[in-house]
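Each chain, written out:
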Amino acid sequence: MCNCGDTLIPQIGVITDICTETPDVKTFRVEAIGGGKLFEHMPGQCAILSMPGKGEAIFSITSSPTNQKYMEFSIKRCGSITDLLHFDVEVGQQIAVRGPYGNHFPVEDKLQGKDVLFIAGGIGLAPMRSVINYMLDKRDDYGSIDIVYGARSKEDFVRYDELTNVWPSQKDTHVHLTIDRPQEGWDGNVGFVPNFLKDLKFTPDKTVLLCGPPIMIKLCLAALIEMGFTKTQVYTTLELKMKCGVGKCGRCNIGKKYVCKDGPVFTCDQIDEMPNEY
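Here the structure is a predicted model, which means the values were calculated and not measured.

**Q** What should I look at first to understand the domain arrangement of the protein in this one?
**A** Here the protein is described as being made up of domain 1 (11-101) and domain 2 (116-237). Here domain 1 and domain 2 have C-alpha centroids that lie 24 Å from each other. When domain 1 packs against domain 2, the two sides together hide about 1400 Å² of surface, and 56% of this comes from carbon and sulfur. It is Glu21, Thr62 and Thr66 in domain 1 that bury the most area against domain 2; as a group they hold 29% of the surface buried on that side.

See below:
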(Lines give C-alpha, C1' and ligand atoms only; values in the text may rest on other atoms or scores of the structure.)
Protein backbone atom coordinates (compact mmCIF):
# COMPACT_ATOMS: atom_id res chain seq x y z
CA MET A 1 0.00 0.00 0.00
CA CYS A 2 1.14 3.53 -0.70
CA ASN A 3 2.08 6.14 1.89
CA CYS A 4 -0.56 8.77 1.14
CA GLY A 5 1.52 11.58 2.62
CA ASP A 6 4.31 10.89 0.14
CA THR A 7 2.10 10.15 -2.83
CA LEU A 8 0.23 13.46 -2.57
CA ILE A 9 3.44 15.39 -3.19
CA PRO A 10 4.07 15.88 -6.94
CA GLN A 11 7.46 14.91 -8.31
CA ILE A 12 8.71 16.92 -11.28
CA GLY A 13 9.86 14.80 -14.16
CA VAL A 14 11.11 15.40 -17.68
CA ILE A 15 9.68 13.63 -20.72
CA THR A 16 12.74 12.20 -22.46
CA ASP A 17 11.08 10.09 -25.15
CA ILE A 18 7.68 9.67 -26.82
CA CYS A 19 7.11 6.51 -28.84
CA THR A 20 4.07 6.12 -31.12
CA GLU A 21 2.99 2.52 -30.54
CA THR A 22 -0.31 2.41 -32.47
CA PRO A 23 -2.62 4.95 -34.12
CA ASP A 24 -4.06 5.80 -30.65
CA VAL A 25 -1.39 4.71 -28.14
CA LYS A 26 1.84 6.47 -27.23
CA THR A 27 4.46 5.51 -24.64
CA PHE A 28 5.89 8.39 -22.61
CA ARG A 29 9.28 7.98 -20.93
CA VAL A 30 9.75 10.14 -17.82
CA GLU A 31 12.95 10.76 -15.86
CA ALA A 32 13.68 12.77 -12.74
CA ILE A 33 15.46 16.06 -13.26
CA GLY A 34 19.09 14.99 -13.32
CA GLY A 35 18.24 11.42 -14.36
CA GLY A 36 16.82 8.26 -12.86
CA LYS A 37 13.24 7.34 -12.05
CA LEU A 38 11.02 9.49 -9.86
CA PHE A 39 10.10 6.96 -7.17
CA GLU A 40 9.99 3.25 -6.43
CA HIS A 41 6.94 1.17 -7.36
CA MET A 42 5.81 -2.44 -7.78
CA PRO A 43 4.27 -4.14 -10.85
CA GLY A 44 0.60 -3.20 -11.23
CA GLN A 45 0.76 0.10 -9.37
CA CYS A 46 -0.35 3.40 -10.91
CA ALA A 47 0.65 7.06 -10.94
CA ILE A 48 -1.10 10.37 -11.64
CA LEU A 49 0.28 12.51 -14.48
CA SER A 50 -0.53 16.19 -14.05
CA MET A 51 -0.47 19.04 -16.54
CA PRO A 52 -0.75 22.15 -14.33
CA GLY A 53 -3.68 24.33 -15.28
CA LYS A 54 -5.06 21.70 -17.65
CA GLY A 55 -5.82 18.57 -15.64
CA GLU A 56 -4.56 15.18 -14.51
CA ALA A 57 -5.35 11.48 -14.82
CA ILE A 58 -4.18 8.17 -13.38
CA PHE A 59 -2.35 5.58 -15.48
CA SER A 60 -0.59 2.25 -15.02
CA ILE A 61 3.17 2.41 -14.68
CA THR A 62 4.28 0.39 -17.69
CA SER A 63 7.98 0.03 -16.93
CA SER A 64 9.38 -2.57 -14.56
CA PRO A 65 10.45 -1.63 -11.02
CA THR A 66 13.84 -3.12 -11.92
CA ASN A 67 14.40 -0.27 -14.38
CA GLN A 68 16.19 2.43 -12.38
CA LYS A 69 16.79 4.79 -15.32
CA TYR A 70 13.25 5.96 -16.09
CA MET A 71 9.51 5.27 -15.82
CA GLU A 72 7.17 4.66 -18.75
CA PHE A 73 3.46 5.10 -19.32
CA SER A 74 1.64 3.64 -22.35
CA ILE A 75 -1.43 5.82 -22.83
CA LYS A 76 -4.40 5.32 -25.13
CA ARG A 77 -6.05 8.46 -26.51
CA CYS A 78 -9.60 8.35 -25.14
CA GLY A 79 -10.45 11.70 -23.54
CA SER A 80 -9.46 15.31 -22.90
CA ILE A 81 -6.34 14.65 -20.77
CA THR A 82 -5.05 11.90 -23.04
CA ASP A 83 -5.63 14.19 -26.04
CA LEU A 84 -3.45 16.82 -24.36
CA LEU A 85 -0.73 14.25 -23.70
CA HIS A 86 -0.85 12.96 -27.27
CA PHE A 87 -0.92 16.32 -29.05
CA ASP A 88 0.49 19.01 -26.71
CA VAL A 89 3.37 17.30 -24.90
CA GLU A 90 6.87 17.27 -26.38
CA VAL A 91 10.21 15.69 -25.48
CA GLY A 92 12.01 17.92 -22.97
CA GLN A 93 8.82 19.16 -21.35
CA GLN A 94 8.38 18.88 -17.59
CA ILE A 95 5.42 17.06 -16.09
CA ALA A 96 4.23 16.46 -12.52
CA VAL A 97 3.88 12.84 -11.38
CA ARG A 98 2.39 11.54 -8.13
CA GLY A 99 2.46 7.99 -6.88
CA PRO A 100 2.65 5.11 -6.59
CA TYR A 101 -0.98 4.24 -5.92
CA GLY A 102 -2.75 0.97 -5.16
CA ASN A 103 -1.58 -2.54 -4.46
CA HIS A 104 0.39 -4.71 -6.88
CA PHE A 105 0.60 -8.16 -8.40
CA PRO A 106 2.13 -10.49 -5.76
CA VAL A 107 5.41 -11.04 -7.59
CA GLU A 108 7.44 -11.25 -4.38
CA ASP A 109 5.53 -14.17 -2.83
CA LYS A 110 2.43 -15.85 -4.33
CA LEU A 111 3.72 -15.81 -7.92
CA GLN A 112 7.24 -16.98 -7.15
CA GLY A 113 8.03 -20.41 -8.55
CA LYS A 114 4.74 -20.53 -10.48
CA ASP A 115 4.11 -21.04 -14.18
CA VAL A 116 2.42 -17.81 -15.25
CA LEU A 117 -0.07 -17.16 -18.05
CA PHE A 118 -0.54 -13.52 -19.08
CA ILE A 119 -3.68 -12.65 -21.06
CA ALA A 120 -4.06 -9.14 -22.48
CA GLY A 121 -6.21 -7.31 -24.99
CA GLY A 122 -5.41 -3.92 -26.52
CA ILE A 123 -4.05 -1.40 -24.01
CA GLY A 124 -4.43 -4.11 -21.36
CA LEU A 125 -0.81 -5.00 -22.10
CA ALA A 126 0.31 -1.81 -20.29
CA PRO A 127 0.08 -3.07 -16.67
CA MET A 128 1.10 -6.57 -17.82
CA ARG A 129 4.33 -5.26 -19.34
CA SER A 130 5.60 -4.08 -15.96
CA VAL A 131 5.08 -7.56 -14.49
CA ILE A 132 6.50 -9.42 -17.48
CA ASN A 133 9.74 -7.43 -17.56
CA TYR A 134 10.06 -7.68 -13.78
CA MET A 135 9.81 -11.48 -14.01
CA LEU A 136 12.23 -11.65 -16.93
CA ASP A 137 14.77 -9.58 -14.97
CA LYS A 138 14.39 -12.07 -12.10
CA ARG A 139 13.94 -15.06 -14.38
CA ASP A 140 15.08 -17.81 -12.01
CA ASP A 141 12.37 -16.87 -9.48
CA TYR A 142 9.51 -17.95 -11.78
CA GLY A 143 8.45 -20.91 -13.88
CA SER A 144 7.40 -20.85 -17.53
CA ILE A 145 5.84 -17.68 -18.92
CA ASP A 146 3.13 -17.66 -21.60
CA ILE A 147 1.82 -14.38 -23.00
CA VAL A 148 -1.45 -14.35 -24.96
CA TYR A 149 -2.16 -10.96 -26.50
CA GLY A 150 -4.92 -9.88 -28.87
CA ALA A 151 -5.42 -6.66 -30.84
CA ARG A 152 -7.70 -5.38 -33.59
CA SER A 153 -4.89 -5.52 -36.17
CA LYS A 154 -1.12 -5.93 -36.38
CA GLU A 155 -0.77 -2.14 -36.18
CA ASP A 156 -2.63 -2.12 -32.84
CA PHE A 157 -0.10 -4.22 -30.92
CA VAL A 158 1.69 -2.23 -28.21
CA ARG A 159 5.47 -2.80 -27.99
CA TYR A 160 5.59 -4.99 -31.08
CA ASP A 161 9.38 -5.36 -30.97
CA GLU A 162 9.29 -6.74 -27.42
CA LEU A 163 6.47 -9.08 -28.39
CA THR A 164 8.22 -10.53 -31.43
CA ASN A 165 11.93 -10.25 -30.67
CA VAL A 166 12.74 -9.60 -27.01
CA TRP A 167 10.34 -11.70 -24.95
CA PRO A 168 10.31 -14.87 -27.14
CA SER A 169 14.12 -15.03 -26.87
CA GLN A 170 13.99 -15.44 -23.07
CA LYS A 171 14.15 -18.80 -21.31
CA ASP A 172 10.83 -20.71 -21.17
CA THR A 173 8.92 -17.68 -22.47
CA HIS A 174 6.32 -18.00 -25.23
CA VAL A 175 4.30 -15.26 -26.93
CA HIS A 176 0.98 -16.06 -28.65
CA LEU A 177 -0.50 -13.23 -30.76
CA THR A 178 -3.89 -12.94 -32.41
CA ILE A 179 -5.76 -10.25 -34.34
CA ASP A 180 -9.52 -9.86 -34.68
CA ARG A 181 -9.83 -10.15 -38.47
CA PRO A 182 -7.72 -11.41 -41.39
CA GLN A 183 -5.14 -8.91 -42.61
CA GLU A 184 -2.80 -8.89 -45.57
CA GLY A 185 0.73 -9.72 -44.46
CA TRP A 186 -0.38 -11.38 -41.21
CA ASP A 187 0.30 -15.11 -40.99
CA GLY A 188 -0.42 -15.52 -37.28
CA ASN A 189 -3.65 -16.47 -35.54
CA VAL A 190 -6.89 -14.70 -36.41
CA GLY A 191 -9.72 -14.63 -33.88
CA PHE A 192 -10.73 -13.26 -30.50
CA VAL A 193 -8.69 -13.98 -27.39
CA PRO A 194 -11.23 -16.23 -25.53
CA ASN A 195 -11.43 -18.67 -28.46
CA PHE A 196 -7.66 -18.49 -28.97
CA LEU A 197 -7.19 -19.54 -25.33
CA LYS A 198 -9.24 -22.67 -25.91
CA ASP A 199 -7.26 -23.48 -29.05
CA LEU A 200 -3.96 -23.18 -27.15
CA LYS A 201 -5.18 -25.79 -24.64
CA PHE A 202 -3.34 -24.53 -21.55
CA THR A 203 -3.47 -26.87 -18.57
CA PRO A 204 -4.91 -25.43 -15.33
CA ASP A 205 -1.65 -25.58 -13.39
CA LYS A 206 -0.77 -21.97 -14.18
CA THR A 207 -1.45 -18.71 -12.36
CA VAL A 208 -3.22 -16.25 -14.67
CA LEU A 209 -2.84 -12.47 -14.95
CA LEU A 210 -5.67 -11.04 -17.07
CA CYS A 211 -6.17 -7.48 -18.30
CA GLY A 212 -8.24 -5.91 -21.07
CA PRO A 213 -11.69 -4.49 -21.82
CA PRO A 214 -14.36 -5.69 -19.33
CA ILE A 215 -16.14 -7.83 -21.94
CA MET A 216 -12.85 -9.54 -22.82
CA ILE A 217 -12.14 -10.24 -19.14
CA LYS A 218 -15.62 -11.74 -18.73
CA LEU A 219 -15.33 -14.01 -21.78
CA CYS A 220 -11.74 -15.03 -21.04
CA LEU A 221 -12.66 -15.93 -17.48
CA ALA A 222 -15.51 -18.11 -18.77
CA ALA A 223 -13.08 -19.81 -21.16
CA LEU A 224 -10.55 -20.39 -18.39
CA ILE A 225 -13.18 -21.95 -16.11
CA GLU A 226 -14.24 -24.22 -18.98
CA MET A 227 -10.58 -25.24 -19.26
CA GLY A 228 -10.43 -26.20 -15.57
CA PHE A 229 -9.04 -23.05 -13.97
CA THR A 230 -10.58 -21.57 -10.82
CA LYS A 231 -11.25 -17.89 -10.09
CA THR A 232 -8.73 -17.98 -7.24
CA GLN A 233 -5.99 -18.58 -9.85
CA VAL A 234 -6.84 -15.50 -11.89
CA TYR A 235 -5.64 -11.98 -11.07
CA THR A 236 -6.96 -8.90 -12.84
CA THR A 237 -6.73 -5.13 -12.39
CA LEU A 238 -9.48 -2.51 -12.24
CA GLU A 239 -7.40 0.66 -12.43
CA LEU A 240 -9.74 2.24 -15.01
CA LYS A 241 -12.08 3.12 -12.13
CA MET A 242 -9.41 5.01 -10.16
CA LYS A 243 -9.19 8.79 -9.96
CA CYS A 244 -7.74 10.34 -6.79
CA GLY A 245 -5.74 7.26 -5.76
CA VAL A 246 -6.22 7.72 -2.01
CA GLY A 247 -9.86 6.81 -1.35
CA LYS A 248 -11.22 10.34 -1.03
CA CYS A 249 -13.19 11.08 -4.22
CA GLY A 250 -15.39 7.95 -4.11
CA ARG A 251 -15.28 7.33 -7.86
CA CYS A 252 -13.76 3.87 -7.49
CA ASN A 253 -16.05 2.70 -4.69
CA ILE A 254 -17.59 -0.75 -5.30
CA GLY A 255 -19.66 -1.82 -2.32
CA LYS A 256 -17.29 -1.75 0.67
CA LYS A 257 -14.19 -1.70 -1.51
CA TYR A 258 -12.19 1.23 -2.86
CA VAL A 259 -10.28 0.12 -5.95
CA CYS A 260 -7.47 2.60 -5.26
CA LYS A 261 -6.91 1.37 -1.69
CA ASP A 262 -8.00 -2.30 -1.79
CA GLY A 263 -6.85 -2.81 -5.40
CA PRO A 264 -6.52 -2.24 -8.29
CA VAL A 265 -5.26 -5.85 -8.34
CA PHE A 266 -7.83 -8.46 -7.29
CA THR A 267 -8.35 -12.16 -7.80
CA CYS A 268 -11.53 -12.91 -9.71
CA ASP A 269 -13.13 -14.59 -6.71
CA GLN A 270 -12.65 -11.33 -4.79
CA ILE A 271 -14.47 -9.48 -7.57
CA ASP A 272 -17.36 -11.96 -7.24
CA GLU A 273 -17.84 -10.77 -3.66
CA MET A 274 -18.42 -7.18 -4.84
CA PRO A 275 -21.74 -5.72 -6.06
CA ASN A 276 -22.24 -6.05 -9.82
CA GLU A 277 -21.21 -2.46 -10.57
CA TYR A 278 -18.20 -2.93 -12.84
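**Q** Even after reading the chapter, I still don't get the packing of aromatic side chains, so can you show me in this structure?
**A** Any aromatic ring pair is given by two values, namely how distant the centres are and how the planes are angled relative to each other. A full pass over the atoms with the stated rule returns 3 aromatic pairs. Looking at Arg29, its charged tip hangs above the ring of Tyr70, at a distance of 3.8 Å from the centre.

**Q** Explain helix H6 (residues 214-226) to me, please; I cannot follow it from the model alone.
**A** Each full turn of the α-helix corresponds to 3.6 residues, which orients residues three or four apart in the same direction. Taking 1.5 Å per residue as the helical rise, H6 with its 13 residues ought to reach 18 Å, and the 19 Å between its terminal C-alpha atoms agrees with that figure. Looking at the buried residues of H6, the elements they touch are strand E7 (116-121), helix H5 (193-200), strand E11 (207-211), strand E12 (234-237) and helix H8 (268-272). Downstream of H6 by one or two residues, Gly228 has phi in the positive range, about 105°.

**Q** Hey, could you run me through the side chain of Thr237 in this one?
**A** With respect to the secondary-structure elements, Thr237 resides in strand E12. Residue contacts for Thr237: discarding those within four places in its chain leaves Phe105, Pro127, Leu210, Cys211, Pro264 and Val265.

**Q** Can you help me understand the sheet that holds strand E6 (residues 94-101) in this one?
**A** In sheet architecture, strand pairing relies on hydrogen bonds along the backbone and comes in two forms, parallel and antiparallel. Read from one edge to the other, the open sheet built from 6 strands follows the order E4-E3-E6-E1-E2-E5, with strand pairing classed as antiparallel. On the outer flanks of this sheet lie strand E4 (55-60) and strand E5 (71-76), each paired with one strand and no other. Looking at each pair of strands side by side, their axes are set apart by 40° on average, direction ignored.

**Q** Could you clarify how one ought to interpret the environment of Tyr160 in this entry?
**A** Mapped onto the secondary structure, Tyr160 falls in helix H4 (residues 160-166). Along the chain, Tyr160 and Glu21 lie 139 residues apart, while their C-alpha atoms are 8.0 Å from each other. With residues near it in sequence (within four places) discarded, Tyr160 still touches Lys154, Leu177 and Trp186.

**Q** Could you clarify how one ought to interpret the packing of H5 against H6 in this entry?
**A** In the contact formed by H5 and H6, the axes pass within 8 Å of each other and the chain directions differ by 20°. In terms of axis orientation, H5 runs roughly parallel to H6. In this structure, H5 meets H6 at a crossing whose hand is right-handed. Residue-level inspection shows Val193, Pro194, Leu197 and Lys198 of H5 in contact with H6, the latter providing Met216, Leu219, Cys220, Ala223, Leu224 and Glu226.

**Q** Any chance you could explain the sheet that holds E12 here in plain terms?
**A** Strand order in the open sheet formed by 7 strands is E10-E9-E8-E7-E11-E12-E15, and the pairing between neighbours is mixed. Because the sheet does not close on itself, it has two edges, and the strands there are strand E10 (189-190) and strand E15 (265-267). Pairing geometry for strand E9 (residues 173-179) and E10, over 2 bridges, is parallel. Within E10, the position partnered with Thr178 by the bridge is Asn189.

Thresholds applied
- Residues numbered from 1 in each chain as written.
- Predicted model: local features only at pLDDT ≥ 70, side-chain atom pairs only at ≥ 80, totals over all residues.
- Heavy atoms only, no water.
- Domains from an automatic or database assignment.
- Buried area = accessible area lost by both parts, 1.4 Å probe.
- Phe/Tyr/Trp six-rings, centres within 6.5 Å; stacked < 30°, edge-to-face > 60°.
- Lys NZ or Arg CZ within 6 Å of the ring centre and 35° of its normal.
- Helix = DSSP H or I, 4+ residues; strand = E, 2+ residues; numbered from the N terminus.
- Expected span 1.5 Å × (residues − 1).
- Contact = heavy atoms within 4.5 Å.
- Pairing = 2+ DSSP bridges.
- Axes fitted to C-alpha atoms, helices over the stretch in contact; angles between N-to-C directions.
- Parallel < 35°, antiparallel > 145°, perpendicular 65-115°, else oblique.
- Left-handed = near helix turned anticlockwise from the far one by under 90°.

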